[in-house]
Protein chains: 2
Amino acid sequence: MINVAVLGYGTIGSGVVEVLQTNAAVIAKRVGEDIAVKYILDLRDFPGNPNADKVVHDYDIIDKDSDIQVVVECMGGVEPAYTFVKKALLNGKSVATSNKELVAKHGAELIAIAREKNINFLFEASVGGGIPIVRPLLRCLTADVIEEVSGILNGTTNYMLTRMGEEGLSFEEALKEAQEKGYAELHPEADVEGYDACRKVAILSSLAFGQQVDFEDIYTEGITKITAEDFCYAAKMKKSIKLLGSSWKTDDKFYAMVCPMLLDNEHPLSGVKDVFNAIFVRGNMVDETMFYGKGAGKLPTASAVAADVIDCAKHIGKNIKILWEPEKLTLSDLGNFERKYFVRMPADTAEETIQNIFGTVEMISVDGIDEKAFITGLMKESAFNAAAEKAGNIINRIRLD
Amino acid sequence: MINVAVLGYGTIGSGVVEVLQTNAAVIAKRVGEDIAVKYILDLRDFPGNPNADKVVHDYDIIDKDSDIQVVVECMGGVEPAYTFVKKALLNGKSVATSNKELVAKHGAELIAIAREKNINFLFEASVGGGIPIVRPLLRCLTADVIEEVSGILNGTTNYMLTRMGEEGLSFEEALKEAQEKGYAELHPEADVEGYDACRKVAILSSLAFGQQVDFEDIYTEGITKITAEDFCYAAKMKKSIKLLGSSWKTDDKFYAMVCPMLLDNEHPLSGVKDVFNAIFVRGNMVDETMFYGKGAGKLPTASAVAADVIDCAKHIGKNIKILWEPEKLTLSDLGNFERKYFVRMPADTAEETIQNIFGTVEMISVDGIDEKAFITGLMKESAFNAAAEKAGNIINRIRLD
């Protein structure tokens, strides 16, 4: 019997308990012994809940109980999650967490402690919810040098962009709808400004490249400037607009960013709609692979946490090696990276002026929108920014993937 | 140092050697020691090849060399692969294979031998080429009861169907093009009749449900009857036609089949084009997930085999548990399964006759095709077959997913 303590009985925490209890028989078969939830740590009580008798309010009870071999952390936020998780690991208890803030900030340290203690710190659910992506990166694509990881990592914004693209909603209308459906929070900054996706890119990049990538170093641009008009142009160009979190490697330079991108409709990420997430991985041997599924939601996310609990249970006394060294990886200046840009300018801008500033461009026009819009040639981001400043009156610009 | 022997130096075998040698440094870091190819078994010699000195023609040399800890089998076909692999396992050597015929037929037995010997028999590349799917089923979605596994499992037919859908090619034209591009063989039956997909469904079903599913028991229908006209109707219905290999579970009944299906354009498998493969997995907790990538090709497939070699190397003396029991799983009669059907009949068929035979239907018409075409309501396959026999002059029928 493996005893588990769950920290935080919110959406994900209660989901983990539900998964472990509902699928107890099949899980026991896979692990070779039963997994039981012994404690649930929460500030609240849950009278009437079938697990009410497991609720404790003091972490020390869990800390001191040597029966507990696996701690599940679903509190979210850095503190007190960090303190509890570190204590658990130092006391020889494995940890499974869904907490992207914790993993992005302290992942390297917690992995190192787990390695030293011969236990495990696992975090499949911190990126992509129910989608297996951490394990595939660490344990499936092991024969490859990973060259790129790009993904639709935030379901809220993907839902909004899908609705804007399909129904012509404005950003505000899409946000309101997402809030009404419970996909977006009242204070939606973490989603719409790309902060959530940024933490996830930091985790994916650290795993893909094997070294700490600080989320503060990742250029992050949200979707607040995307308009219904942008989607009219996107449709004309047979492209979609997606909030992508990306990191990639070219000639031993590493880049990472979060921003809206125009993707060809043929791109596998282009068809990922609504609250679904997908992560595209390119390796030097396997070429393109993609992992798709529910990036959020109670049971899908809990399924991923529970799979980590199962892995902890199957690896008692054996550390699963995770290459994520604490030395910080220096990201290269995006200014040096070349790509094309889609640009919208006022109708009275002369095409000659545009070409003088941006070089040869491809003009795009859409019925009913009186503007000058175009796609530039390949430009370094620094050169594009200089040109945009010179032009002065750009309505919007979106990067092309 | 882990010494490896590669059986078969064809496309995949030489690819495995290339992956292990090209990515040797990163692989050594992940494993914790070097992996070296010591022997290559092939009937041929490869003068001038940098690995020519490793070539042997007699399996006994490998069998008797106790330095060899991992055997890579890329010969294809059941014999002599089965004899060599079984010998290797009985002699305590782990095996990684890309051979779907071998795994579909003898998987349960070889897994049991590996378990008993505390070594490993791994076969990630036998389904989906480079796409991680065996590991995700066995080691990622471990908290779920798997309810469905459906996939585009054959790149050749997916290429042909893509070309028929996008360019209006006939089956014959698409096959000719696929042959010219090297995607289809001169004798293309294994692909176009669905036999290849059938072996892969057998493997996926055995893994998903934990018991032997015999490929001979799986209803298999290829794409040879699909015509350019079918694609005209599909476009009108906003659907695509895909060769799906599926297995699923409803109320403790298990079903498996391979056949062309009409999928809504919104279905995640619908956008999978050309030679790409994708496998859709539904669990009772994680809901929908999908794994996408290159289902064939030298380096993608070799990447998956090499990842298995790495797993064997990381688990010397430790068996990775695979639940695939030898007791045969009885598949339920597809005749009892309800679905809708798309049906084409001659233009002179009276709609009244159609409704008398098939019940209430939805008529579909396409400019330029003088036929009576329709979608039935939900019908048991046995009832549909009886109706189709009664109608007598059906031009074609395709199942709806």
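What counts as what
Residues numbered from 1 in each chain as written. Chains lettered and ligands numbered in written order. Predicted model: local features only at pLDDT ≥ 70, side-chain atom pairs only at ≥ 80, totals over all residues. Heavy atoms only, no water. UniProt positions renumbered as here; feature names shortened; annotations may be inferred. Helix = DSSP H or I, 4+ residues; strand = E, 2+ residues; numbered from the N terminus. Contact = heavy atoms within 4.5 Å. Polar contact = N/O pair within 3.5 Å; in protein donor to acceptor, adjacent residues only side chain to side chain. Pairing = 2+ DSSP bridges. Axes fitted to C-alpha atoms, helices over the stretch in contact; angles between N-to-C directions. Buried area = accessible area lost by both parts, 1.4 Å probe. Salt bridge = Lys/Arg side-chain N within 4 Å of Asp/Glu carboxyl O. Parallel < 35°, antiparallel > 145°, perpendicular 65-115°, else oblique. Left-handed = near helix turned anticlockwise from the far one by under 90°. Nonpolar A, V, L, I, M, F, W, Y, C, P; charged D, E, K, R; others polar.

Further remarks concern the UniProt feature "domain: Homoserine dehydrogenase catalytic" (unreviewed entry) in chain A. Taking the numbering used here, the UniProt-annotated feature "domain: Homoserine dehydrogenase catalytic" (unreviewed entry) corresponds to residues 132-310 of chain A. In the segment residues 132-310 of chain A, helix accounts for 40% and strand for 28%; the C-alpha atoms at its two ends are 14 Å apart.

Residue and element names in this part refer to chain A. The UniProt entry lists K200 under the feature "active site" (unreviewed entry), expressed in the numbering used here. Structurally, the position occupied by K200 is in helix 10 (residues 195-209). Setting aside chain neighbours within four positions, we find K200 in contact with K100, S126, V127 and L153. A distance of 2.8 Å separates the side chain of K200 from the side chain of D196, its partner in a polar contact.

Take the sheet that holds strand 5 (residues 94-97) of chain A next. Pairing between the strands of a sheet comes from backbone hydrogen bonds, and it takes one of two forms, parallel or antiparallel. Residue and element names in this part refer to chain A. The strand order across the open sheet built from six strands is 3-2-1-4-5-6, with neighbouring strands paired in parallel fashion. Pairing within the sheet leaves two strands with one partner each, and these edge strands are strand 3 (55-56) and strand 6 (121-122). Note that strand 4 (residues 68-73) and strand 5 share four bridges and pair parallel. In the sheet register, V71 faces strand 5, and the bridge partner there is V95. The strands touched by helix 1 (residues 11-22) within the sheet are strand 1 (2-7), strand 2 (35-41) and strand 4, with strand 2 carrying the most contacts at an inclination of about 160 degrees.

As a further point, take the interface of chain A and chain B. Across the boundary between the two partners, chain A contributes 45 residues, which contact 45 residues of chain B. A buried area of about 4,100 Å², summed over both sides, lies between chain A and chain B, and 58% of it is on carbon and sulfur atoms. Summed over the three residues of chain A that lose the most area to chain B, namely R30, M285 and Y292 of chain A, the buried surface amounts to 17% of that side. Our count for the chain A to chain B interface comes out at four salt bridges. With a closest N to O distance of 3.6 Å, E266 of chain B and K273 of chain A form a salt bridge. Taken together, the links from chain A to chain B amount to 18 residue pairs in polar contact (both at pLDDT 80 or more). Of all the elements in the fold, those that place two or more residues in the side of chain A that touches chain B are helix 1, helix 2 (24-31), helix 6 (134-140), strand 13 (287-294) and helix 12 (298-314) of chain A.

Our focus in this paragraph is the packing of helix 7 (residues 155-167) of chain A against helix 8 (residues 171-180) of chain A. Residue and element names in this part refer to chain A. At a minimum axis distance of 9 Å, the contact between helix 7 and helix 8 shows a crossing angle of 130 degrees. On the basis of their axis angle, the class for helix 7 and helix 8 is oblique. Note on packing geometry: the crossing formed by helix 7 with helix 8 is right-handed. Residue-level inspection shows Y159, M160, R163 and M164 of helix 7 in contact with helix 8, the latter providing F171, A174, L175, E177 and A178. When the residues that make up the contact of helix 7 with helix 8 are grouped by side-chain class, the tally is seven nonpolar, no polar and two charged.

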